[in-house]
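# Observations on chain architecture
This is what each chain is made of:
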Amino acid sequence: MKLIRFKDIYSLVGEIADTDSYIMLQLDDREVTFDENALRRIEQLAVQCKAKFIYCNYREKLPDGSVILHPVIDYQRGSFRNDFDFGPVVVVDATRLLSCISLIKERDFEGTFADGGWYLLRLYLCSDKVQAIPEYLYTVERVDHRKSGEKQHDYVDPRNADYQKSMEKAFTCYLQHTCALVNAADLQDVDLEEEEFPVEASVIIPVRNRVRTVGDAVASALSQKADFPFNVLVVDNDSTDGTRELLEKIDDPRLYVIKVDASENLGIGGCWNRALLDERCGRFAVQLDSDDIYSSPDTLRKIVERFRSDNCAMVIGSYTLTDFDLNPTGIGLIDHREWTDENGMNNALRINGLGAPRAFFTPVARQILFPNVSYGEDYAMALRITRQYRLGRIFDNLYFCRRWEGNSDAALSIEQTNVNNRYKDFVRTVEYQARLKAGIGEDDLD
């Protein structure tokens, strides 16, 4: 089995012989130490599983010399993230590799992408018979020592803008080829006056055990200045730390506390559905997390104005990352400038989120409803909406997202990160298949 560094693949493609069954591609420059008989094991499994693309669990060596396990997750049809973790080594069916490289050459894509064309190539390679081996077969040195909360915004870091645009171009090429591309001209209008509502807008705050922060969030919502009626629906998911008692002491007729019992088994998505389906919910349902606050009293007004001006089913603003005391941290403003009205609904399948605060036209959200989970529920809703309706963007700062030790995603283990990534890949898979069906597309590229 030949080992080829991916950066050399186009120049060395002529060295792949007809007798080669599989080619091993090394995706980065880290030194790989294979276990005894690992290569034989990989090739045996590839043959037995009839796989076209194979990768496996690996170990990482830390600076102190210790070694930790790094499990990978199964590749799904919708695993479109360009940071999907295969590890530094993959094994590919030689015939399929040559076929996919030929396809890329025919379309003059060779060498036109920021990563040398790896992302586009692996999209094609992974459209058929991918096998993750749940065995630890090699060791590499760890090079990224950041916590999960420090990595999660890499895809919107302005310093990575050119790279992300290159990945969007590659992904758009793939969607065009598989007939899964959504055309902006086909997006539907919404009738914002189709129903009567008790108020124009509702701020929705799901909460569980956030006694330290929820008071700030509610105060921020109630302080909004608008020339239309609005209310605040807080869904308390059986808090046990004094959150519910704090909420019950707030004396404001615009605040409604929806009390959920633990036996109802609601995640954040289920809490959102409870608020959406409540008869007191307004025409527009506007998100506010229980440990965040709006950046000004004008946030709600600006969101509603964008619904009205764009006649859209969803509006997303921009937010600033701060510490608990609202001091800007990290890369500061997250404005998702990568979004375009022409292609944002397609690129949304590739990136890991669309921004905040998020707001929904209630009749559309009620028709779809959120999955009853506590991670990725908003992403699932956004993907479904952007398949069919326009999305309005506000690139000004509307929201302070406070990063502190109480955040659920501040420092995740690799196992929990895998759980989160696996779910979002599932959401992408479901949405991609729906878009394939709508476009009468096909992703089997043999």
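Residues numbered from 1 in each chain as written. Predicted model: local features only at pLDDT ≥ 70, side-chain atom pairs only at ≥ 80, totals over all residues. Heavy atoms only, no water.

Next up on the list: the overall build of the chain. Looking only at helices and strands, the chain has 14 helices and 16 strands in total. A compact globule built from 446 residues should have a C-alpha radius of gyration of about 22 Å, and the chain, at 24 Å, falls within 12% of that. Seen through its C-alpha atoms, the chain measures out along the principal axes to roughly 75 × 50 × 40 Å. Residue burial in the chain is summarised as follows: out of 446 residues, 54% are buried. For the chain, contacts bridging at least 24 residues in sequence account for 79% of all contacts bridging at least 6. Taken as a whole, the chain presents about 19,600 Å² of accessible surface, with 47% of it coming from carbon and sulfur. Within the chain, one finds 54 positive and 74 negative side-chain charges whose respective centroids are separated by 1 Å. (Helix = DSSP H or I, 4+ residues; strand = E, 2+ residues; numbered from the N terminus. Rg over C-alpha atoms; globule rule 2.2 N^0.38 Å. Buried < 20%, exposed > 50% of the residue type's maximum accessible area, 1.4 Å probe, protein only. Contact = heavy atoms within 4.5 Å. Areas by Shrake-Rupley, 256 points an atom, 1.4 Å probe, with all protein chains shown as cover. Lys, Arg positive; Asp, Glu negative; His and termini not counted. Charge placed at Lys NZ, Arg CZ, Asp CG, Glu CD.)

To continue, consider the nonpolar core. Leu25 and Leu97 are the most contacted members of the largest nonpolar core, which has 130 residues in total. If you tally residues by element for this core, the top one is helix α4 (residues 118-125), at seven residues. Those residues in contact with Leu25 that lie beyond four places of it in its chain are Ile4, Phe6, Ile9, Pro88, Val89, Val90, Val92, Leu97 and Trp118. (Core = buried A, V, L, I, M, F, W, Y, C linked by side-chain atoms within 4.5 Å.)

Here the focus is the side chain of Glu338. Inspection of the secondary structure puts Glu338 in the loop between β14 (328-334) and α11 (344-347). Buried and unpaired, Glu338 has no salt bridge, with Arg393 as the nearest side chain of opposite charge at 5.3 Å. A polar side-chain atom of Glu338 sits 2.8 Å from a polar atom in the side chain of His336. (Salt bridge = Lys/Arg side-chain N within 4 Å of Asp/Glu carboxyl O. Polar contact = N/O pair within 3.5 Å; in protein donor to acceptor, adjacent residues only side chain to side chain.)

This paragraph deals with the pattern of salt bridges. Evaluation of the coordinates by the stated rule reveals 30 salt bridges. For Arg308, the salt bridge is made with Glu193, and the minimal N-O distance between the two is 2.3 Å. On the criterion of sequence distance, the pair formed by Arg308 in helix α10 (residues 299-310) and Glu193 in the loop between α6 (161-178) and β8 (201-207) is long-range, its members being 115 residues apart. Looking at Glu193, the relative accessible area reads 47%, which means it is partly exposed. Two residues, Asp216 and Arg402, come together in a salt bridge whose shortest N-O distance is 3.3 Å. Pair noted here: Asp216 is in helix α7 (residues 214-222) and Arg402 is in strand β16 (residues 391-402), with a separation of 186 residues, a long-range link. A single salt-bridge network, built from bridges that share partners, covers Arg81, Asp83, Asp425 and Arg428.

Along strand β13 (residues 314-322), nine of the nine residues are buried, which leaves the element largely enclosed by surrounding structure. Relative to strand β15 (residues 358-361), β13 is paired through three bridges, and the arrangement is antiparallel. Looking at β15, one finds that Met314 is bridged to Phe360. Looking at chain direction, β13 and β16 are connected through eight bridges and run parallel. Along β16, the bridge assignment pairs Thr322 with Arg402. Relative to β14, β13 is paired through three bridges, and the arrangement is antiparallel. Bridge pairing links Tyr319 to Ile334 in β14. In sequence, β13 turns back onto β14 through a hairpin of five residues, with Leu326 there showing a positive phi of about 70°. (Pairing = 2+ DSSP bridges.)

Glancing now at the packing of helix α3 (residues 94-106) against α4. Where α3 meets α4, the axes come as close as 10 Å, and the angle between the chain directions of the two elements is 125°. In terms of orientation, α3 and α4 fall into the oblique class. At the point where α3 passes α4, the crossing takes the right-handed sense. Facing Arg96, Leu97, Cys100, Ile101, Leu103 and Ile104 of α3, the residues of α4 in contact are Leu120, Leu121, Tyr124 and Leu125. Here the residues of the contact of α3 with α4 sort into nine nonpolar, no polar and one charged. (Axes fitted to C-alpha atoms, helices over the stretch in contact; angles between N-to-C directions. Parallel < 35°, antiparallel > 145°, perpendicular 65-115°, else oblique. Left-handed = near helix turned anticlockwise from the far one by under 90°. Nonpolar A, V, L, I, M, F, W, Y, C, P; charged D, E, K, R; others polar.)

Here the residue pair Ala356 and Pro357 is connected by a cis peptide bond, since its omega of -5° sits within 30 degrees of zero. Mapped onto the secondary structure, Pro357 falls in the loop between α11 and β15. Positive phi is not limited to glycine here, since Asn37 has a value of about 70°. With respect to the element layout, Asn37 can be found in the loop between β3 (33-34) and α2 (38-49). Residues other than glycine seldom take positive phi values, yet Asp238 does so here, at roughly 55°.

On to helix α14 (residues 414-439). If you check α14, its first and last C-alpha atoms are 36 Å apart, about what 26 residues at 1.5 Å a residue would give, namely 38 Å. As for α14, its buried residues are in contact with α6, α11 and α13 (377-388). (Expected span 1.5 Å × (residues − 1).)

All right, on to the packing of α13 against α14 then. Between α13 and α14, the shortest axis-to-axis distance is 10 Å and the interhelical angle comes to 15°. Here α13 lies roughly parallel to α14, going by the angle between them. Like other packed secondary-structure pairs, α13 and α14 cross with a definite hand, here right-handed. Listed contacts from α14 to Tyr379, Ala380, Leu383, Arg384, Thr386 and Arg387 of α13 are Lys424, Val427, Arg428, Glu431, Ala434 and Arg435. Looking at the contact of α13 with α14 residue by residue, the class counts come to five nonpolar, one polar and six charged.

For the structure shown, the criterion picks out zero disulfides. No disulfide involves Cys281; its nearest neighbouring cysteine sulfur is the one of Cys271, lying 14 Å away. (Disulfide = S-S within 2.5 Å.)

The subject of this paragraph is the side chain of Asp93. Summarising the element assignment, Asp93 is placed in strand β6 (residues 89-93). Reaching out from Asp93, the side chain makes a polar contact with the backbone nitrogen of Arg96 at a distance of 2.8 Å. The contact partners of Asp93, leaving out residues within four places of it in the chain, are Ser21, Tyr22, Ala51 and Lys52.

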